[in-house]
Amino acid sequence: MGITIGLPAETKQGERRVALSPSAVHSQTERGHRVLVQAGAGDGAGFSDTDYKAAGADLLPDVGEIWGADVVVKVKEPQPEEYRYFRSDLVLFAFLHLAAEPELTDALLDSGINAYAFETLGDRHGLPLLAPMSEIAGRAAAIVGAAQLSAVTGGSGTLMGGAAGVPPAKALVIGLGVAGTMAARGMRGLDAHVTGVDVDLGRLYDHKLAGIVDATQVSETKLVGEHVVDADLVVGAALVPGAKAPTVITEEQVASMRPGSVVVDLAIDQGGCIATARPTSLGDPTYTEHGVLHYCVTNVPGQFPRTASAALSAAVAPRLLRLADDVAAGRAGTVEESPALTGARNVNDGVIVHEGVAEAFTDRPHAVGRTEE
Ligand SMILES: NC(=O)c1ccc[n+]([C@@H]2O[C@H](COP(=O)([O-])OP(=O)(O)OC[C@H]3O[C@@H](n4cnc5c(N)ncnc54)[C@H](O)[C@@H]3O)[C@@H](O)[C@H]2O)c1
């Protein structure tokens, strides 16, 4: 039996991605599910309403009708004006980053909705729905970080690769997972000197051996501080899935940096791994604190919607099929749920059911000790 799947247009500032491409929609309609697409939802990513119609979708102008579906799939966490659409028989599948979103978490808990997060869904390779966006955000971090060092944007005027007789810029990457690795590759490609920081010694060894970084540093705050003082560009990309990001760089260490140095904290979507980081938007991406430029945009891939929508959609579509089948069969939210959704369920019937997320909300009595994963 088919269900209805809603695909609303994104509402977060500057966000142009869409969660499903027309071909991903086709994979759902082919299976007998009805897909309701908000008119214009794919415009920012280069997918027209005609493309979606050809894929078997129903195009609707009214966003309320889209949210009336059995399952709503979207890219970014719902914005406050969307909370009114939450209801107990709705399944939501999107990036949620709840550890940094207490108001959204309360709205999800109060509504009784079943919320599945892209970023905590795991498989044997890691986090397959977060990874494509981390890949893009990491590549982008190298580009925007290097650009922010320009004197025109208020940076120190340091060029990443230096020049003959002038040393290159020093870059520091915190967390050498998917995002950190791509940032390091990008910055090395610009001939900067890159030091990688991680808690995982095996990862540091592999990255040094593969030439992805010039040097490595185990993640210990005091030792990392010795690199921060000298760094022109710091990229934050440390993650403990579901949990609030660990604070690896202190405010005092940021204050020790040269004026016009730059920090790009990608981990800001989980609260940030640099103490002075606070969320910014694509429309107003930077602020200066202690003389250091901060770029802490929570939806970095949103500025590359063609690439990012295609990459995200390819990863989401097969999992959405499993989720839709589970919903149709009444298995969603039960122990019989598909293993393809492992780790994704964050909030279920008014309870936080993901351990990492619950740890970020120990002040919410109804979350404590009620985790299932
Ligand atoms: N801002 C954005 O637009 C955007 C986009 C995509 C991803 N992200 C975020 O980037 C972050 C990294 O994502 P990822 O996919 O690369 O994660 P990942 O799991 O691939 O890598 C995380 C790395 O952090 C390391 N780590 C954990 N604790 C650490 C610590 N205390 N010190 C140093 N390293 C530590 C882990 O060992 C791992 O190597 C996440 O918060 C993710 O949500 C942000």
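Above: the structure in question.
Remember, predicted model here, so these are calculated numbers, not experimental data. (Residues numbered from 1 in each chain as written. Predicted model: local features only at pLDDT ≥ 70, side-chain atom pairs only at ≥ 80, totals over all residues. Heavy atoms only, no water.)

Chemist: Quick rundown of the overall build of the chain? Include the residues and the values.
Modeler: Along the chain, the regular secondary structure elements total 11 helices and 15 strands. Its C-alpha atoms give the chain a radius of gyration of 21 Å, within 12% of the compact-globule value 21 Å for 373 residues. For the chain, contacts bridging at least 24 residues in sequence account for 63% of all contacts bridging at least 6. Within the chain, the 46 negative side-chain charges are centred at a point lying 4 Å from the centre of the 28 positive side-chain charges. (Helix = DSSP H or I, 4+ residues; strand = E, 2+ residues; numbered from the N terminus. Rg over C-alpha atoms; globule rule 2.2 N^0.38 Å. Contact = heavy atoms within 4.5 Å. Lys, Arg positive; Asp, Glu negative; His and termini not counted. Charge placed at Lys NZ, Arg CZ, Asp CG, Glu CD.)

Chemist: Hey, could you go over the pairing of strand S13 (residues 292–295) for me, with residue numbers and the actual values?
Modeler: On S13, burial covers both faces: Val292 and His294 on one face and Leu293 and Tyr295 on the other are all buried. Sheet topology note: the strand S11 (residues 262–265)/S13 ladder contains 3 bridges and is parallel. Its bridge partner lying in S13, Val263 is registered against His294. Relative to S13, strand S12 (residues 286–289) runs antiparallel, the two being bridged by 4 bridges. Opposite Thr286, over in S13, you have Tyr295 as the bridge partner. (Buried < 20%, exposed > 50% of the residue type's maximum accessible area, 1.4 Å probe, protein only. Pairing = 2+ DSSP bridges.)

Chemist: Tell me what's going on with helix H1 (residues 22–30), and back it up with residues and numbers.
Modeler: Among all positions of H1, only Pro22, Ala24, Val25, Gln28 and Thr29 are buried. Seen along its axis, H1 keeps its buried residues to an arc of 155°; they face one direction. Summarising the geometry of H1, the exposed residues directed more than 90 degrees from the buried face are Ser23 and Glu30. Positioned one or two residues after H1, Gly32 has a phi angle of 100°, which is positive. (Arc of directions from axis to C-beta.)

Chemist: Tell me about the sheet that holds strand S8 (residues 193–198), and name the residues and values.
Modeler: Spatially, 7 strands are ordered S9-S8-S7-S10-S11-S13-S12 in an open sheet, and the strand pairing comes out mixed. Of all strands in the sheet, those with a lone pairing partner are strand S9 (215–218) and S12, marking the two edges. Going from strand to strand, the sheet's axes swing by 20° on average, the running direction of each strand aside. As defined by bridge partners, strand S10 (residues 233–236) adjoins S11 across 4 bridges and the pair is classed as parallel. Bridge assignment links Val234 to a residue of S11, and that residue is Val263. The strands that helix H6 (residues 178–189) touches are strand S7 (170–174), S8 and S10; relative to S7, the one it contacts most, it runs at about 170°. Across the sheet, helix H8 (residues 221–228) is in contact with S7, S8 and S9; its angle to S9 comes to roughly 145°. (Axes fitted to C-alpha atoms, helices over the stretch in contact; angles between N-to-C directions.)

Chemist: Let's hear about the packing of H1 against helix H10 (residues 305–329): which residues, and what values?
Modeler: Interaxial distance between H1 and H10 falls to 9 Å at its minimum, and their mutual angle equals 10°. On the basis of their axis angle, the class for H1 and H10 is roughly parallel. Residue-level inspection shows Ala24, Ser27 and Gln28 of H1 in contact with H10, the latter providing Ser313, Ala317, Leu320 and Leu321. Class assignment for the residues of the contact of H1 with H10 results in 4 nonpolar, 3 polar and no charged. (Parallel < 35°, antiparallel > 145°, perpendicular 65-115°, else oblique. Nonpolar A, V, L, I, M, F, W, Y, C, P; charged D, E, K, R; others polar.)

Chemist: Give me the lowdown on the pattern of salt bridges, citing residues and values where you can.
Modeler: Evaluated as defined, the whole model comprises 17 salt bridges. A network of salt bridges, in which partner residues are shared, links Lys170, Asp230, Asp232 and Arg258. (Salt bridge = Lys/Arg side-chain N within 4 Å of Asp/Glu carboxyl O.)

It is worth stressing that arrangement in space is one thing and function is another; only the former is reported here.
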